[in-house]
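# Structure assessment
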Amino acid sequence: NAGVTQTPKFRILKIGQSMTLQCTQDMNHNYMYWYRQDPGMGLKLIYYSVGAGITDKGEVPNGYNVSRSTTEDFPLRLELAAPSQTSVYFCASSYSWDRATEAFFGQGTRLTVV
Amino acid sequence: RKEVEQDPGPFNVPEGATVAFNCTYSNSASQSFFWYRQDCRKEPKLLMSVYSSGNEDGRFTAQLNRASQYISLLIRDSKLSDSATYLCVVNSGRYGGSQGNLIFGKGTKLSVKP
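Presented here is an overview of the structure given in this document. The shown structure was predicted, so the numbers you read here are calculated from the model rather than taken from an experiment.

Criteria and cut-off values
- Every chain's residues receive numbers from 1 upward, in the order its sequence appears when written.
- Numbering of ligands from 1 and lettering of chains from A proceed in the order in which they are written.
- Local features in this predicted model are restricted to residues of pLDDT 70 or higher, and side-chain atom pairs are both shown and tallied only at a pLDDT of 80 or more, whereas totals for entire chains, interfaces and linings draw on every residue.
- Side-chain figures throughout are based on the complete set of non-hydrogen atoms in the structure, without hydrogens or water.
- Think of it this way: any DSSP run of H or I at least four residues long counts as a helix, any run of E at least two long counts as a strand, and we number them from the N terminus.
- All radius of gyration figures rest on C-alpha atoms, and the globule criterion is 2.2 Å times the number of residues raised to 0.38.
- Type-normalised accessible area, obtained with a 1.4 Å probe on protein chains alone, sets the label of each residue: buried when under 20%, exposed when over 50%, and partly exposed for intermediate values.
- Here the Shrake-Rupley method, with its probe set to 1.4 Å, supplies the accessible areas, and only the displayed protein chains count as covering residues.
- At least two bridges found by DSSP between two strands are what make those strands a pair.
- Between the N-to-C directions of two axes lies an angle of 0 to 180 degrees, each axis being a line fitted to C-alpha atoms and, for a helix, fitted only over the stretch in contact.
- Here, residues are in contact when the closest pair of their heavy atoms is within 4.5 Å.
- Polar contacts here mean pairs of N or O atoms no more than 3.5 Å apart (in protein, one a potential hydrogen donor and the other a potential acceptor; neighbouring residues in sequence count only if both atoms are side-chain atoms).

### So, the overall build of chain B
- Within chain B, the regular secondary structure consists of zero helices and 11 strands.
- Here chain B has a C-alpha radius of gyration of 14 Å; the compact-globule value for 114 residues is 13 Å, and the two agree.
- A principal-axis box enclosing the C-alpha atoms of chain B has dimensions of 45 × 30 × 20 Å.
- Of all 114 residues assigned to chain B, the portion counted as buried reaches 47%.
- As displayed, chain B has an accessible area near 5400 Å², and 49% of this comes from carbon and sulfur atoms.

### Re the sheet that holds strand 7 (residues 60-65) of chain B
Residue and element names in this part refer to chain B.
- Read across the sheet, five strands follow the order 1-3-8-7-6 without closing on themselves; strand pairing throughout is antiparallel. Each of the sheet's edge strands pairs with one partner strand only, and the pair in question is strand 1 (4-6) and strand 6 (55-57). Looking at each pair of strands side by side, their axes are set apart by 15° on average, direction ignored.
- With three bridges connecting them, strand 1 and strand 3 (residues 19-25) associate as antiparallel partners.

### Examining the environment of Arg-77 of chain A
All names here are of chain A.
- Here Arg-77 is to be found in strand 8 (residues 76-78).
- Taking C-alpha positions, Arg-77 is 4.4 Å from Thr-20, a pair spaced 57 residues apart along the chain.
- Beyond its immediate sequence surroundings of up to four residues, Arg-77 is in contact with Ser-18, Met-19, Thr-20, Gly-63, Tyr-64 and Asn-65.

### Examining the side chain of Ser-94 of chain A
- Checked against the element boundaries, Ser-94 of chain A lands in strand 9 (residues 87-94).
- A relative accessible area of 1% means that Ser-94 of chain A is categorised as buried.
- A polar contact is formed between the side chain of Ser-94 of chain A and the side chain of Tyr-33 of chain A, at a distance of 2.6 Å.
- Excluding its chain neighbours within four sequence positions, the residues that come into contact with Ser-94 of chain A are His-29, Asn-30, Tyr-31, Tyr-33, Glu-102 and Ala-103 of chain A together with Asn-101 of chain B.

Following this line, the structure appears as structure tokens:
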């Protein structure tokens, strides 16, 4: 029962470096999401995807890019890391968009940009 | 008015206490409602869905008032293990959009003390 798997769990980046946060799910969910969570600020949606080949911007997409070449994988790319991107990142997936269905979350990636 | 608003907390209660969390939402088109639990430094996990008729799961009772656009979560006989942040989550009721389909409240932190 893997569910949603994120890697890495922790990462320290220097300003200007790039990295990709990996996310994969084995539940055959069409809908996948990337959130960031800052202390006391709740979850903010970065990007989401409604199926392979289809992605759309969320509330805070600047500084990030995504791709969805397969149903299972939804990587998040940071091109030029900035201190403002220090956060905890969660990938999630769900079976449906509009029905009473739960979203399953990965364990999160703690990213620090110094 | 924010889309999903919760009690700011934190709530500090003794073991055995009854504690109630409140949440209001602004979008009358929303159809699905949830309470998620997030332990410290962990990912959010579904605690329970909220149905129009109200629902109960052991010590937990969720209520929905569509007319007032209000959701509640009651925890009876609280345990040390109930200590966590409780997130009110509402389906946006629309396709697309920068907030995606699930709108998260900022959460209310609960600490249960011996």
